[in-house]
Amino acid sequence: MPASKRLRFVALEAGLVQEWIRTNRLLVLVENSTESALLIYIVSKNVADEFSLERTIPLDTEFKCEIETNSICFAKLDTASANIVTTDVFLKLSRKKVHLLFEMLPGFKANKFVDEVVKASEVANKKRAPPNFSWLEVYNPQLVWESATGSDSEQPTSAATELQPSSQNCHDAIPAHLNHKSDSELSSPDVTAHRSSIATGGATPIAARESVVRYQMALRETAYTDLRQISIFLGTYNVNGQPPLSGLADWLSVDKDPPDIYAIGFQELDLSKEAFLFNETPREEEWLRAVIRGLHPKGKYRKVKLVRLVGMMLIVFIQEKHWAYVRGVASEFVGTGLMGKMGNKGGVAIRLDLHNSSLCFVNSHLAAHTEEVERRNQDYLDICNRLVFSTTFPSKSIKDHDQVFWIGDLNYRLSGDLDLLRVKDLLDQSNYQALLQYDQFRAQHVARKIFVGYQEGPIQFRPSYKYDPGTDNWDTSEKNRAPAWCDRCLWKGDNVQFKEYRSHPGLRMSDHKPVSCLLECGVKIIDTVRYRRIYEEVMKKLDKLENEFLPQVSVDSTEINFGNVAFNEGATKILTVANTGQVPVQYEFIKKHRDSKYCKPWLACEPYTGFLMPGDNSYITLEILVDKRTAWSLNSGLDELYDILVLHLDGGKDIFITVSGNYQKSCFGCSIEALIQMHQPIAQVAPETVCQLEKAAYPSIDPGNDSDSKQPVLAVPKELWFLLDELYRRGMDTPGLFEQPGLSSEIAAIRRTLDDSLPDTLPGSVHSVAESLLIFLETLKEPIIPFALTQKALDGCGAFPSCKTVYSCLPLSHQHVFKHIISFLKEVLLHSSKNGLDAKTLVALFGSALIRLPPPNYPLGPSISLSPNQPHLDRKRCMFIHHFLVNDLDD
């Protein structure tokens, strides 16, 4: 290797899992220009800093790296039900027939290492030139190289198209004298042969009882499961806001045999502003009934789940005979439209476990217009990164499933300077392949910018967009859109076989045509007899390990002080937990007596549970974040930044850790009654005075010797006045006001300015000031409409006299604030020709800030009959506020 070449190294200690033994390894990622490899070293516990190279794995197109929290299904042998338990974090490395499993704990070091490996793997996959790993010989000419000598295993052929660069075979690049370790050499020893090694720390059992069982059963999954084929029908239809004017059987029931699963997605279900602002529409029920009527008549189906976000709706049905084996059903959605979160664009998803396989269905509607390719790419990435099924344990993202099925109006068009007449002429000749060369989706997919690893069936049908509604004619409107294959069906995962991919031109109610795809998928079925036998084997081996050793750990500190902590500005500290014993330790922060959680709501620990191998460390991130949920209790003195964490060791003693800090009281998270009595910035008011004011039920409380008590109260909090005045002076004509988000750094600067001074002007952009106003209102101890009047306000939202009665019942300070806000909103609407806002948008934005439901177990709040998830709640809030925008409060 030339001396001028510089190599880059990233290393991580991990445990190689082989049957019952976990042995320490040092993983080293070596990067040489555009090529990378993993060096795996054996770590000696008997001789300090002694490492020996065990194997080398080149990172090429055949290398795979997965990090995930697996789950394993423990079936009840006498029933069709099953329980799901979760394992800890695995790092799976594989190349050809070599599969290695490493145990690791989540944390900064592990995340950074995996990120580097993934990035290096992506570089290798994008590389077009043949690889050349001869530079690795410099480490050890006799090293064991993980090249798969001999022929590759034959890959099954499929009609599906994997739109990725073809893999380059690196056999010719591997030095011939480097040996391959055989499968027999990779087999693991029995634990009985390593008891002395375990005792001295050279090797360790994998973990405590539950972890061992989960590991071993997960590793043996193929031994007790079989694949069973099921058929899945994927359908997508952009209905352009139209009701179901005709039956859907010509789309959903065209196959001879009924599918086992239907996943049916719609886009633009309702184009009305009400659907956009309130996420409610009668179209949902109309299309649901139409779909049920259109399902295959030979099948009997159960609805698994329906999820909708504005105009995007996804429905999953499954045949009745499979229903008993469905578990873990969950749905989520992500908006990528207005402000990067509104639901005019984005994705909805449903996940489920069927037998022992996890399935995920995604329906998305990405950004429109030919030139918005990068925006569509970003929408896809946002959905992948932000869509998390939080109700599962552990939480799962889209990629954390055995098989993923993605449908929707992806909106990718035909690029290039194609003449429209030429396009239509090629379509008349059914020359689709000539046009697909200009398909934006294929170009982005081949470039590995989107949907990496996903497959699509061969397109042999006319574009699904754009038609004159009610006809089969291409668009003749003023815009004269070019035809495009906007609507697609994709899938990702093993054991999926393509059957059909088609459009359905007979449905003419929209400017799109529906598209469907039929697939055959293998799901993992547990054989209960084999499962019982393997489980018993696992338990017998485990019994030999119990009660031999006791866990011991040490922590680097039992007193953690965060110093000064500000509102909505997170602060973190790292707690190091070291296993100083000879056996693995399962640890967990546990709740104290009479507490509902292991820590106070302003504190979080990540990870809060895990296990450690002997000699290993765990780095736990402790984060303090004071937000709108917890600020008032700290301002009022009812709580303080002080907590005691109990670190429990499974089979060992508990360790007590104190966490403390000094909260800098802020006007954000105060009550209106306290703020109107503070003529000075809150930073200049004695903390005990702030506590007294916050604890008072009414502003008549005697605040002691503080000079503010001798002054009249303010009509409205001065902080609110500063925010409104700033927007009056420089924000009224700003396009996107209250729609474009501010910068978090500017919002923090605005808060500090309000806390510390009486400013002539506020820092930051207009959008940051506008968002600060909304945050200020949302963090008030009680909203402008107090919790005690919430139900009355919602019940009387239908008529202005009833709303005005609620206003008259407000405390005087709340009346003043409400009147200021309404006057401000009316002024904003007078400038609507320049800022683009309308009354519906404003009331939707301010409704949730002015009228809030009381938190759980709120002592002063009445019973509220509306659920926070009920769609009518937002509408009633908006109706209440809207009355005051169109009527004169003083009449």
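In the nomenclature of an unreviewed UniProt entry, the protein chain corresponds to Rho-GAP domain-containing protein from the organism Daphnia magna. Regarding the protein chain, the relevant UniProt record gives this comment under Sequence similarities (unreviewed entry): "Belongs to the inositol 1,4,5-trisphosphate 5-phosphatase type II family."

Kindly report on the sheet that holds strand β23 (residues 559-565), identifying the contributing residues and their values.
Read across the open sheet, the five strands follow the order β23-β30-β29-β25-β27; overall the sheet is mixed. Edge positions in the sheet fall to β23 and β27 (609-612), since each has one partner strand and no second. Put simply, the sheet's adjacent strands are angled 20 degrees from each other on average, direction ignored. Strand direction decides the pairing type here: strand β25 (residues 585-590) and strand β29 (residues 642-649), joined by four bridges, are antiparallel. Within β29, the position partnered with Ile590 by the bridge is Val646.

How would you explain the packing of aromatic side chains if you had to name every residue and give the values?
Inspection of the entire model under this criterion finds 35 aromatic pairs. Between the aromatic rings of Trp251 and Phe266, the centroid separation amounts to 5.8 Å while the plane-to-plane angle is 80 degrees, which identifies the pairing as edge-to-face. You can see Trp251 sitting in helix α5 (residues 249-252) and its partner Phe266 sitting in strand β10 (residues 261-267), a full 15 residues away along the chain. We note that Trp251, like Phe266, is buried. Look at Tyr728 and Phe824: their rings are 5.5 Å apart centre to centre, the planes differ by 90 degrees, and that puts the pair in the edge-to-face class. Of this pair, Tyr728 sits in helix α16 (residues 718-730) while Phe824 sits in helix α21 (residues 812-830), placing them 96 residues apart in sequence. Given the relative accessible area of 36%, Tyr728 is considered partly exposed. Since its relative accessible area comes to 0%, Phe824 is described here as buried.

Lay out the packing of helix α18 (residues 766-778) against helix α23 (residues 839-850) in plain terms, naming residues and giving numbers.
In a packed pair of helices, the relevant descriptors are the angle between the two axes and the axis-to-axis distance. Their axes nearest at 8 Å, the elements α18 and α23 cross at an angle of 30 degrees. In this view, α18 runs roughly parallel relative to α23, as classed from their interaxial angle. When α18 is examined against α23, the residues Leu773, Leu774, Leu777 and Glu778 are found in contact with a partner set consisting of Leu845, Phe846, Ser848, Ala849 and Leu850. Partitioning the contact of α18 with α23 into residue classes produces seven nonpolar, one polar and one charged.

Thresholds, definitions, all that
Residues numbered from 1 in each chain as written. Predicted model: local features only at pLDDT ≥ 70, side-chain atom pairs only at ≥ 80, totals over all residues. Heavy atoms only, no water. UniProt positions renumbered as here; feature names shortened; annotations may be inferred. Pairing = 2+ DSSP bridges. Helix = DSSP H or I, 4+ residues; strand = E, 2+ residues; numbered from the N terminus. Axes fitted to C-alpha atoms, helices over the stretch in contact; angles between N-to-C directions. Phe/Tyr/Trp six-rings, centres within 6.5 Å; stacked < 30°, edge-to-face > 60°. Buried < 20%, exposed > 50% of the residue type's maximum accessible area, 1.4 Å probe, protein only. Parallel < 35°, antiparallel > 145°, perpendicular 65-115°, else oblique. Contact = heavy atoms within 4.5 Å. Nonpolar A, V, L, I, M, F, W, Y, C, P; charged D, E, K, R; others polar.

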